[in-house]
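# Report on the structure
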Amino acid sequence: MFEAAEALRDEFARCEAELADPTIHADPARSRRVGRRYNELAPIIAGLDDHARLSGDLATAEELTSDDPGFAAEADEIRAQLAEVDERLTTLLAPRDPNDANDAIMEIKSGEGGEESALFAGDLFAMYQAYALRRGWKVDVLDSETTDLGGIKSLTAAVRGSANGSAEDAPYGTLKFEGGVHRVQRVPVTESQGRIHTSAAGVLVMPDVAPEDVEINDDDLRVDVYRSTGKGGQGVNTTDSAVRLTHLPSGIVVTCQDQRSQLQNKEQAMRILRARLVAVAEEQAAAQASAARKSQVRTVDRSERIRTYNFPENRIADHRIGYKAYNLDAVLAGDMDALVAALKEADLAERLAFAGEV
């Protein structure tokens with residue numbers, strides 16, 4: 001695997017040369033594309049350099065050991081370092097989703113359970129906001145519809161990674177495992193008898209793709225404008241600033257009314273539409289793939305029940321990987337690190353197993 005990866009050095013050098021060329025800044029789309037690929041390749045090239053250096057050091061140490069047994073300990077230390085580098089490279093070179101390095105668009109919708117479901121959807125969004133804050137990410141609400149008690153009927157948000165973040169820690173590659181049905185078991189605030197109820201909310205996570213990555217023909221769009229009905233600032237609810245986009249070929253409908261102007265709402269609606277089109281394409285590809293190629297933890301289907309949040313037991317359980325922990329309060333406060341790590345580890349094991357079969 002590592003020998004084949006050496007071919008990536010040429011591509012990395014080309015990206016480096018392009019980014020050093022001042023003319024690239026005249027083409028923002030090209031600059032983003034090359035910069036993203038450069039960031040993806042940089043840790044791989046660094047790993048290959050470490051692998052080559054340590055392999056050479058190990059060969060030298062083993063050769064010297066035959067003359068002086070005192071070098072045996074040094075050789076053992078180098079072997080341990082080389083094993084760590086090899087493990088890191090194996091992870092970086094495993095087959096991966098090309099959108100993993102993207103920012104994310106997240107949709108959260110209440111489901112069965114009425115007001116309690118909407119309140120739980122609000123709790124989920126607060127959890128993701130707190131987790132994003134811990135990671136140094138920024139969350140922007142693109143569109144939302146709330147209830148009288150402060151719950152969320154539906155919400156669409158963009159999650160943007162930190163400027164100096166690595167490609168493997170980007171929002172989409174981390175949050176994509178959150179897609180599916182999240183079930184809650186607790187006593188609702190609307191319940192006077194103290195009985196535990198079960199309700200659910202749906203989450204959909206999509207890559208935030210650039211305009212040049214998805215071609216949308218203007219003739220395939222129907223654009224409707226109307227007056228915003230949600231909470232808003234001056235001018236939001238007094239003009240026809242809300243926008244509804246209908247993508248005629250796919251039937252996808254996107255509405256956006258949280259921004260101050262019609263132009264801003266249309267731009268955000270287009271952003272959501274691009275993400276949904278990519279998600280649909282991914283879902284169709286997954287449906288056509290064999291069972292061996294479907295990821296156990298990866299889904300863009302909001303109908304799959306993935307997790308249960310049990311408040312009386314302070315328990316969180318992810319049904320896809322058998323994960324269970326009794327720190328629900330901490331997770332809801334944004335401490336999702338252990339859960340995310342377990343999901344990433346299961347996904348990596350599956351990708352490596354698939355790579356070994358082909």
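Scroll up to find the structure.
Quick look at the structure, then. It should be emphasised that the depicted structure is a prediction, and the values quoted were computed from it without experimental measurement.

## Re the overall build of the protein chain
- In terms of helices and strands, the protein chain carries nine helices and 11 strands.
- Evaluated residue by residue, the protein chain yields a buried proportion of 42% over its 358 residues.
- Pairs at least 24 residues apart make up 62% of the contacts formed inside the protein chain by residues separated by at least 6 positions.
- When the accessible area of the protein chain is evaluated, it comes to approximately 18,200 Å², of which 49% is carbon and sulfur surface.

## Remarks on the packing of aromatic side chains
- This model, assessed by the stated rule, comprises three aromatic pairs.
- Between Phe12 and Tyr38, the aromatic rings sit 4.8 Å apart at their centres with planes inclined by 15°, giving stacked as the arrangement. In this pair, Phe12 sits in helix 2 (residues 8-20) while Tyr38 sits in helix 3 (residues 28-65), placing the two residues 26 residues apart along the sequence.
- Sitting above the plane of the Phe311 ring, Arg186 keeps its charged end 4.8 Å from the centroid.

## Concerning the sheet that holds strand 7 (residues 242-247)
- Read from one edge to the other, the open sheet built from three strands follows the order 6-7-8, with strand pairing classed as antiparallel. Only two strands of the sheet have a single partner each, and these edge strands are strand 6 (221-226) and strand 8 (252-256). Each strand axis lies, on average, 15° off the axis of its neighbour in the sheet, ignoring direction.
- The sheet contact formed by strand 6 and strand 7 spans six bridges and is antiparallel.

## What about the pairing of strand 3 (residues 152-160)?
- Among the nine residues that make up strand 3, seven are buried, leaving the element largely enclosed by the rest of the structure.
- Of the strand pairs in this sheet, strand 1 (residues 103-110) and strand 3 are connected by six bridges, and their pairing is antiparallel. Considered in strand 3, the bridge of Ile105 is made with Ala158.
- Note that strand 2 (residues 138-146) and strand 3 share eight bridges and pair antiparallel.

## Thoughts on the packing of helix 3 against helix 4 (residues 72-93)
- The N-to-C vectors of helix 3 and helix 4 enclose an angle of 155°; their axes lie 9 Å apart at closest approach. Comparing their axes, helix 4 and helix 3 come out roughly antiparallel. The way helix 3 lies across helix 4 gives a crossing that is left-handed.
- Residue composition of the contact of helix 3 with helix 4, grouped by class: 14 nonpolar, five polar and six charged.

## A look at the sheet that holds strand 9 (residues 305-310)
- Reading across from one edge, 2-3-1-5-4-9-10-11 is the order of the eight strands in this open sheet, with mixed pairing throughout. The open sheet has two free edges, formed respectively by strand 2 and strand 11 (323-325), since each of these has just one partner strand. Ignoring strand direction, the axes of neighbouring strands in this sheet form an average angle of 15°.
- Summarising the sheet, strand 4 (residues 180-186) and strand 9 pair through five bridges and their orientation is parallel. Each bridged residue has a counterpart across the sheet, and for Val184 the counterpart in strand 9 is Tyr309.

## What about unusual backbone geometry?
- Phi at Asn314 is positive, roughly 55°, even though this residue is not glycine.
- Inspection of the secondary structure assignment puts Asn314 in the loop between strand 9 and strand 10 (315-318).
- Of the residues examined, Asn314 reaches a relative accessible area of 24% and is grouped as partly exposed.

Cut-off values and rules
Residues numbered from 1 in each chain as written. Predicted model: local features only at pLDDT ≥ 70, side-chain atom pairs only at ≥ 80, totals over all residues. Heavy atoms only, no water. Helix = DSSP H or I, 4+ residues; strand = E, 2+ residues; numbered from the N terminus. Buried < 20%, exposed > 50% of the residue type's maximum accessible area, 1.4 Å probe, protein only. Contact = heavy atoms within 4.5 Å. Areas by Shrake-Rupley, 256 points an atom, 1.4 Å probe, with all protein chains shown as cover. Phe/Tyr/Trp six-rings, centres within 6.5 Å; stacked < 30°, edge-to-face > 60°. Lys NZ or Arg CZ within 6 Å of the ring centre and 35° of its normal. Pairing = 2+ DSSP bridges. Axes fitted to C-alpha atoms, helices over the stretch in contact; angles between N-to-C directions. Parallel < 35°, antiparallel > 145°, perpendicular 65-115°, else oblique. Left-handed = near helix turned anticlockwise from the far one by under 90°. Nonpolar A, V, L, I, M, F, W, Y, C, P; charged D, E, K, R; others polar.

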